[in-house]
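Single-letter residue listing:
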Amino acid sequence: PETVKTCLGACDILKLSHEELIEITGIDPFAPSLEGRMKGFMADHGIGLVILTMGSKGSQWFAADKTHKIVPDTFFEPLDTVGAGDAYAAVSAAGLALGLPMEQIMEFAHKFASIICGIRGALPADLNLYKDFVNKMGIT
């Protein structure tokens, strides 16, 4: 707990799954009061952006000035969820580094995590999957 508390005070951007949010903060990620509670949590720790992934229920980003949520329009049965959170985090980091709008980053991250859920394991056997995704999304 002390290590987590120290890390929270040192981060600007925090990516959590809904399970991790409950474990670390006790906040219910599906409660109607989520946005207010997240803003308080962020203020308490000086965090500028929280990226919350919620499995098949999508994801939500909390920033000081806005919140955005993406909910999948279709449901599919994942083959394997190993690596999906890391895939989401990697695309989010790349999008932030490129200065893309929050909504666009979330779309890209959600799509890539979904692709990873469609394969066995965290890494694809065919590394062209990465190149295809980058090209398809128009990321340069």
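Higher on the page you've got the structure.
My aim in this report is to walk through the structure given alongside it, one point at a time. Keep in mind that what you see is a predicted model, and the values were worked out from it rather than measured. (Residues numbered from 1 in each chain as written. Predicted model: local features only at pLDDT ≥ 70, side-chain atom pairs only at ≥ 80, totals over all residues. Heavy atoms only, no water.)

**Brief notes about helix α6 (residues 128-137)**
Those residues of α6 lying buried are L129, F133 and M137. An end-on view of α6 places all buried positions within 55° of arc, on one side of the element. Projecting away from the buried face of α6 at angles above 90 degrees are the exposed residues K131 and N135. Looking at the packing, one finds that the buried side of α6 touches α4 (84-98) and α5 (102-117). (Buried < 20%, exposed > 50% of the residue type's maximum accessible area, 1.4 Å probe, protein only. Helix = DSSP H or I, 4+ residues; strand = E, 2+ residues; numbered from the N terminus. Arc of directions from axis to C-beta. Contact = heavy atoms within 4.5 Å.)

**Quick notes on the pairing of strand β2 (residues 49-53)**
With five of five residues buried, β2 is to be regarded as a mostly interior element. Burial along β2 is two-sided: the face carrying L49, I51 and T53 and the face carrying V50 and L52 are both buried. Pairing geometry for strand β1 (residues 13-17) and β2, over five bridges, is parallel. In the sheet register, K15 faces β2, and the bridge partner there is I51. (Pairing = 2+ DSSP bridges.)

**Observations regarding a nonpolar patch on the surface**
Where nonpolar side chains cluster on the molecular surface, the patch consists of L123, L127 and Y130 and spans about 320 Å² of accessible area. Given a relative accessible area of 62%, L123 falls into the exposed group. (Patch = residues over 30% accessible without salt bridge, like charges linked within 9 Å, V, L, I, M, F, W, Y side chains within 5 Å. Areas by Shrake-Rupley, 256 points an atom, 1.4 Å probe, with all protein chains shown as cover. Salt bridge = Lys/Arg side-chain N within 4 Å of Asp/Glu carboxyl O.)

**Some details on the pattern of salt bridges**
Enumeration over the complete set of coordinates arrives at one salt bridge. When the shortest N-O distance is used, the salt bridge between K66 and E103 registers 3.2 Å. Remark: E103 occurs in helix α5 and K66 occurs in the loop between β3 (59-63) and β4 (67-70); sequence separation between them is 37 residues. Judged by relative accessible area, E103 falls into the partly exposed class, the value being 31%.

**Focus on the packing of aromatic side chains**
Per the stated rule, a full pass over the model turns up one aromatic pair. Measuring from centroid to centroid gives 5.8 Å for F112 and Y130, while their planes differ by 40°, and the two rings are tilted. Here F112 is found in helix α5, whereas its partner Y130 is found in helix α6, with 18 residues between them in sequence. Looking at Y130, the relative accessible area reads 30%, which means it is partly exposed. (Phe/Tyr/Trp six-rings, centres within 6.5 Å; stacked < 30°, edge-to-face > 60°.)

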